[in-house]
Amino acid sequence: MKVASLFCGCGGLDMGFEKAGFDIIWSNDFDKYAVQTYNANFKHNAICADINEVNLDDIPRHDILIGGFPCQPFSKMGKEAGFSDKRGLLFFKVIDIIKNQAQRGQQPQIVVLENVRNLLTHNEGKTFATIEEELNKVGYRVHPKLLNSADYGVPQTRNRVYLVCLLDQSIEFGFPEGIELKSSLQDLLETNVDDKYFLSEKILKTILATGTKNYKAKSEIDLSVARPLTATMAKMHRACQDNYVTQNGRIRRLTPRECARLQGFSEKFIIPVSDCQAYKQFGNAVTVNVSYAIAKSIKEQIYKERHE
């Protein structure tokens with residue numbers, strides 16, 4: 001079962017499918033640092049290029065197309081420009097790829113997409129309605145579900161929308177059930193952490209502040225279940241947005257390895273880039289545990305059903 005991956009980033013979605021036994025044969029991202037990390041951890045190399053500049057005929061035949069298309073246009077953390085933002089239009093590139101594959105007689109049987117929870121309600125639901133309509137037009141029945149990473153074994157509150165789109169519309173796909181969370185953020189912390197991750201007394205006052213003017217939020221640290229990791233963690237937001245912990249009587253930020261753990265990446269996962277780039281990549285990543293659970297459900301439900 002061959003998989004092609006769009007907007008692969010450092011490989012969270014791909015890692016889950018690979019772990020479930022699928023064969024990732026082609027992947028792409030425009031971020032050279034994300035591709036550097038991806039290529040350090042996968043047996044095949046991702047292509048570093050803007051998907052708009054990729055010759056669609058060069059994308060090989062695949063059974064499943066996966067991708068976490070850019071979320072910034074639909075996120076409440078941004079301007080919510082939707083399809084008015086050129087990044088939002090990249091969803092339609094997914095449709096173009098599907099059509100190209102179909103024209104070559106090899107349309108993927110399954111498409112799995114991921115995005116922020118706000119995708120379902122953005123622009124009063126019209127954005128999701130358009131996405132579903134476009135996928136329906138190319139033959140897919142769309143199964144949407146909001147899943148939280150904390151329900152799949154990692155101590156991070158991370159709600160994301162997953163769309164499992166099936167060309168065989170007779171199949172009733174059931175999303176994987178959650179499991180009991182048995183670990184906390186504290187269980188994932190490193191020991192002997194470099195001093196650079198600890199906060200100075202000067203910046204600590206800003207980090208722990210409740211906000212300014214019209215924006216007020218309670219700043220909490222040492223949470224047992226982490227807040228959602230963000231792509232801008234390197235900027236060190238206040239504790240009402242980013243995660244901070246107390247260790248040896250001092251407060252510090254999370255390390256890149258701890259962020260990797262919070263996204264379900266194994267200890268063997270290589271981090272070859274700077275801290276700044278690592279924070280961005282793990283903040284943007286799909287949680288491996290969730291990806292694996294979905295991929296496993298696809299394998300058990302859909303491919304088993306076809307061969308019965």
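Residues numbered from 1 in each chain as written. Predicted model: local features only at pLDDT ≥ 70, side-chain atom pairs only at ≥ 80, totals over all residues. Heavy atoms only, no water.

## Quick look at the pattern of salt bridges
To keep it simple, the criterion reads: We count a salt bridge whenever a side-chain nitrogen from Lys or Arg sits within 4 Å of a carboxyl oxygen from Asp or Glu. The helix count covers DSSP runs of H or I at least four residues long, the strand count covers runs of E at least two residues long, and both are numbered beginning at the N terminus.
For the structure shown, the criterion picks out 14 salt bridges. Taking the shortest distance from any N to any O, the salt bridge between K93 and D96 comes out at 3.8 Å. Of the two residues, K93 and D96 are both situated in helix α3 (residues 90-103); the distance of 3 residues between them amounts to about one turn of the helix. Between R227 and E220 there is a salt bridge; the shortest N-O distance is 3.7 Å.

## Some thoughts on the pairing of strand β7 (residues 159-166)
How we decide: Note on exposure labels: buried denotes an accessible area under 20% of the residue type's maximum, exposed denotes more than 50%, and partly exposed covers the range between, all computed with a 1.4 Å probe on protein chains only. Pairing between two strands requires that DSSP report at least two bridges joining them.
Along β7, 8 of the 8 residues are buried, which leaves the element largely enclosed by surrounding structure. Where burial is concerned, the two faces of β7 agree: the one with N159, V161, L163 and C165 and the one with R160, Y162, V164 and L166 are both buried. Where strand β6 (residues 141-148) and β7 come together, 8 bridges link them in antiparallel fashion. Opposite K145, over in β7, you have Y162 as the bridge partner.

## A few points about the nonpolar core
Which entries qualify depends on this criterion: Buried Ala, Val, Leu, Ile, Met, Phe, Trp, Tyr and Cys residues form a nonpolar core when they are joined through side-chain atoms within 4.5 Å. Any two residues having at least one pair of non-hydrogen atoms within 4.5 Å are treated as being in contact.
With 55 residues, the main nonpolar core has F17, F22, I64, I110, V164, F265 and I298 as its most contacted residues. Sorting the residues of this core by element identifies α1 (12-19), α2 (32-39), β4 (64-67), β5 (110-116), β7, α6 (256-262), α7 (275-284) and α8 (288-306) as the ones contributing at least two each. Ranked by the residues each element gives to this core, the list is headed by α8, at 8 residues. Ignoring sequence-local partners within four residues, the contact set of F265 consists of C10, G11, G12, M15, A260, F282, A285 and V288. By size, the runner-up hydrophobic cluster in this structure holds 28 residues, among which are A4, F69, Y140 and V142.

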